[in-house]
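Descriptive structure summary
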Amino acid sequence: MDTALLLRLRADLAAADYRAATVSGLLGDGADAARLRGVFVPAERALAERDGSALALLVRLFLLGAAVTAAELDAALPALGAAGARELGLVAAEPGEASTDALRAALSLNPVAIADSRSDEPVDWWLLSDLDDQLRRGPARPDHVMGVGGATRSLIAQAPPGDVALSLDLGTGCGIVALHLALRGGRVIATDISERALELAAANAVLNTLDHAIEFRRGDLFAPVHADRFDLILSNPPFVITPRAGDGPIYEYRDGGLVGDALAAAVVRDGPALLVPGGTMLCLANWETPWGGNGLGRVHDWIAAGVAGPLTAWVIERDRVSPAQYAETWVRDGGARPGTAAFTELLSAWLDDFSERRVIGIGLGAIRIRREPETTDPAPPSVVHVEQATGSLSAAGLGRDLEAAFAAGATAARMSDAEVLATHWIVSPAVTEERIHEPGHESPSALTLLTDRPIARRVAADPLLAAAVGASDGDLTLGQIADALATLLDVDAAAAREAVIAGARELAWLGMLSPGAPRA
């Protein structure tokens, strides 16, 4: 897209104050929330009560799919004008309009505010993409470029917050992840197999004045960057498990062209080799559970089959769905609706594919891998921690808290039992204790440790573990705490030590405990 025209568009959007917060303020929170669900009537009624500002017209055109005249668009975008908007492909005259002067959005132009672990406040962006489902009035094109979905927002929120010298956005789509990587300093390389995605991503970099920091390369998976080594790799790749048989639609933004979860396996297996020592890769993925198998165990094997040398990996399965649930989600995503022949045909193709390969469940989650420096002799052993964790994610500082739990869990996993006992552990301020007492009983019938950071957790605890966590303020070693509690609770000292060692290792991964230095 023409850079000069994009900069004119940027000036017009800034002058109109076309931002997520101002749009919500114009429409009202309820109407704006309904708009995001594809229900436009409340927003249309709210706009009818407002004056004809540039902001209101842009909302009608780009967010509600209404037709506007060229004269109205000239007034709302004075620097770009209707002619410039048509040249950029933002608007087009739709065949069959009553007025030949009527223009409709041909691309989505969304103001979005996205949480980033580096900032206490969401970051504002203007993003071009192909039209959203509710505005498209038909099926998506095969090279459809998505805007910002919930999965991408989650990836950005979970990302490590620190500065990096060189980062990679693998499968950039509209480029939003690359924009957030550019906030971390250094250079960013963004890749995609789709020429259209790269065109829109580059336009978004210009529109948000970050084109100087991002280099775009076209190619499949890691082929465009095989000679580079990165401090940070983020990826929301086209991992959707799609049947390879039949003539159903194939969408580049979600389908990597491989059988089953093979694309996710390739990313996880090959990505760590492109990390510098100390570098991190974070990706979203779907993985299959075959009959008699274990989905999380398969992801463990993908990681183990990758780069030689020490790695630390944390695989979090956020949800697990049946083949029928999974198939329905992605058939709907393509625009087919229940009750139509297309829906039935596509759903049957998906279910046939899963049945033939004996898949009984699909896991959805995130995979975090760090390539450890080989600075010791012998090198540290690799650690791969896999788990299901379906609790809510913390709203603020998620990436920072996940990194802290990742570091604490990896440290605890590599410690010997003696080292765990010799460590001064510190309980997170987010940890609370829940006690359930039966009437008339002095001792609680149940003890539960709770936290809401980084992932909401509930851990059943016995009095020994609960007391050990409560005493973990950095003043005493865990061994000293265990011995004192063994005497106090009249339990075997060796058994007490064994129990608190196991507890510390588990709670470290949950962000409840972290190793600290002795108090002065």
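Let me sum up the structure you'll find in this document. Position numbers for residues count from 1 along each chain, tracking the sequence in the order it is written. For this predicted model, a pLDDT threshold of at least 70 governs which residues receive local features, and a threshold of 80 or more governs which side-chain atom pairs are given and counted, while totals over whole chains, interfaces and linings are taken from all residues. To get the side-chain values, take all heavy atoms of the structure and skip hydrogens and water.

Salt bridge, as used here: a side-chain nitrogen of Lys or Arg that lies within 4 Å of a carboxyl oxygen of Asp or Glu. Evaluation of the coordinates by the stated rule reveals 24 salt bridges. Here D228 ties to R217 by a salt bridge, and the two come within 2.8 Å at their closest N and O atoms. Within this pair, whereas D228 is found in the loop between β8 (214-218) and β9 (230-235), its partner R217 is found in strand β8, the two being separated by eleven residues in sequence. Relative accessibility decides the category of a residue: with a 1.4 Å probe and only protein chains considered, values under 20% of the type maximum give buried, values over 50% give exposed, and everything between is partly exposed. Using a relative accessible area of 16% as the deciding quantity, one classes D228 as buried. Secondary structure elements are defined from DSSP: runs of H or I of at least 4 residues count as helices, runs of E of at least 2 residues count as strands, and each element is numbered from the N terminus.

In this analysis, axes come from line fits to C-alpha atoms, helices being fitted only over the stretch in contact, and the angle between any two N-to-C directions falls in the range 0 to 180 degrees. Look at helix α1 (residues 3-16) against helix α11 (residues 195-207): their axes get within 9 Å of each other, and the N-to-C directions meet at 55 degrees. Here α1 lies oblique to α11, going by the angle between them. Relative to α11, the crossing made by α1 is right-handed. Here T3, L6, L7, L9, R10 and L13 of α1 come into contact with α11, specifically with A203, V206 and L207. Here the term charged refers only to Asp, Glu, Lys and Arg, the term nonpolar to Ala, Val, Leu, Ile, Met, Phe, Trp, Tyr, Cys and Pro, and the term polar to all other amino acids, Gly among them. A class-by-class count of the residues in the contact of α1 with α11 yields seven nonpolar, one polar and one charged. Here the word oblique covers every angle except those under 35 degrees (roughly parallel), over 145 (roughly antiparallel) and from 65 to 115 (roughly perpendicular). With the far helix as reference, a near helix turned anticlockwise by less than a right angle produces a left-handed crossing, and one turned clockwise produces a right-handed crossing. We call two residues in contact when some of their heavy atoms are within 4.5 Å.

A few words now on helix α2 (residues 20-27). Among all positions in α2, only V23, S24, L26 and L27 are buried. The arc enclosing the buried residues of α2, seen along the axis, measures out at 160 degrees, which places them on a common side. Exposed side chains of α2 directed beyond 90 degrees from the buried face belong to A21 and G25. Against the buried residues of α2 lie α3 (29-36), α4 (41-48), α5 (54-63) and β4 (108-114). Backbone geometry just after α2 places G28 at a positive phi near 95 degrees. Here, the arc refers to the directions that run from the helix axis to the C-beta atoms.

Side chains of strand β3 (residues 102-105) alternate between two faces, with A102 and R104 and L103 and A105 buried alike. Being paired, for any two strands, means DSSP has found at least two bridges between them. Of the pairings in the sheet, the one linking strand β1 (residues 68-69) to β3 comprises two bridges and is antiparallel in character. Looking at the pairing, V68 lines up with L103 of β3. Bridge count between strand β2 (residues 91-92) and β3: two bridges; the pairing is antiparallel. Bridge pairing links A92 to R104 in β3.

Before going further, it helps to examine the packing of aromatic side chains. Any two of the Phe, Tyr and Trp rings considered here, Trp counted by its six-membered ring, make a pair once their centres fall within 6.5 Å; the pair's planes then place it as stacked at under 30 degrees, edge-to-face at over 60, or tilted in between. What the rule picks out here adds up to five aromatic pairs. With a centroid separation of 6.3 Å and an interplanar angle of 10 degrees, the aromatic rings of W314 and F406 are classed as stacked. One end of the pair, W314, is in strand β11 (residues 311-321); the other, F406, is in helix α16 (residues 398-414), and 92 residues separate them in sequence. Residue classification places W314 among the buried positions, given a relative accessible area of 2%. For F406, a relative accessible area of 0% gives the class buried. Pairwise contacts between aromatic rings join W314, F406 and W509 into one cluster.

Disulfides are defined in this document as cysteine sulfur pairs within 2.5 Å. For the structure shown, the criterion picks out zero disulfides. Residue C174 stays outside any disulfide, its sulfur separated by 18 Å from that of C283, the closest cysteine.

Let us look at the nonpolar core. To form a nonpolar core, buried Ala, Val, Leu, Ile, Met, Phe, Trp, Tyr and Cys residues must be joined to one another through side-chain atoms within 4.5 Å. Within the largest apolar cluster, 90 residues are counted, with the highest numbers of intra-cluster contacts made by Y18, V59, L73, L90 and I214. Considering each element in turn, this core owes the most residues, eight residues, to α5. Formed by 30 residues, the second largest nonpolar core is a distinct cluster that contains L421, V431, L465 and A468.

Another aspect to go through is the sheet that holds strand β17 (residues 457-461). If you trace the three strands from one edge of the open sheet to the other, you get β15-β16-β17, paired in antiparallel fashion. Bordering the open sheet on either side are β15 (432-436) and β17, each of which pairs with just one other strand. Sheet twist, expressed as the average angle between the axes of neighbouring strands with direction ignored, equals 25 degrees. As judged from the five bridges shared by strand β16 (residues 446-451) and β17, these two strands associate in the antiparallel manner.

Time to look at the side chain of S394. Along the chain, S394 falls in the loop between β13 (383-388) and α16. A relative accessible area of 9% places S394 in the buried class. Setting aside chain neighbours within four positions, we find S394 in contact with D401, D452, R453 and P454.

On to helix α13 (residues 295-304), then. When we look at burial in α13, the residues that qualify are G295, L296, V299, W302 and I303. End-on, the buried residues of α13 take up no more than an arc of 110 degrees, which puts them together on one face. Projecting away from the buried face of α13 at angles above 90 degrees are the exposed residues D301 and A304. Lining the buried residues of α13 we find α12 (262-270), β10 (275-290), β11, β12 (359-371) and β13.

The next thing to look at is unusual backbone geometry. Of note, the amide linkage connecting R453 to P454 takes the cis form, showing an omega dihedral of -10 degrees. For P454, the position within the fold is in the loop between β16 and β17. Unlike most non-glycine residues, R358 shows phi in positive territory, near 55 degrees. Of the residues examined, R358 reaches a relative accessible area of 52% and is grouped as exposed. With phi around 55 degrees, D490 is a residue other than glycine that occupies positive phi space.

Time to look at the environment of G52. The topology assignment puts G52 in the loop between α4 and α5. Separated by 204 residues in sequence, G52 and G256 place their C-alpha atoms 45 Å apart.

Taken together, L488, L489 and V491 make up a surface patch of nonpolar side chains, about 280 Å² in accessible area. With respect to the helices and strands, the residue L488 is situated in helix α19 (residues 478-489). Relative accessible area serves as the criterion here: at 67%, L488 is assigned to the exposed category. Patch members must show over 30% relative accessible area and no salt bridge, and they are joined within 9 Å when carrying like charges or within 5 Å when they are nonpolar side chains of Val, Leu, Ile, Met, Phe, Trp or Tyr. Note that accessible areas follow from Shrake-Rupley with a 1.4 Å probe, and for residues the cover is restricted to the protein chains shown.

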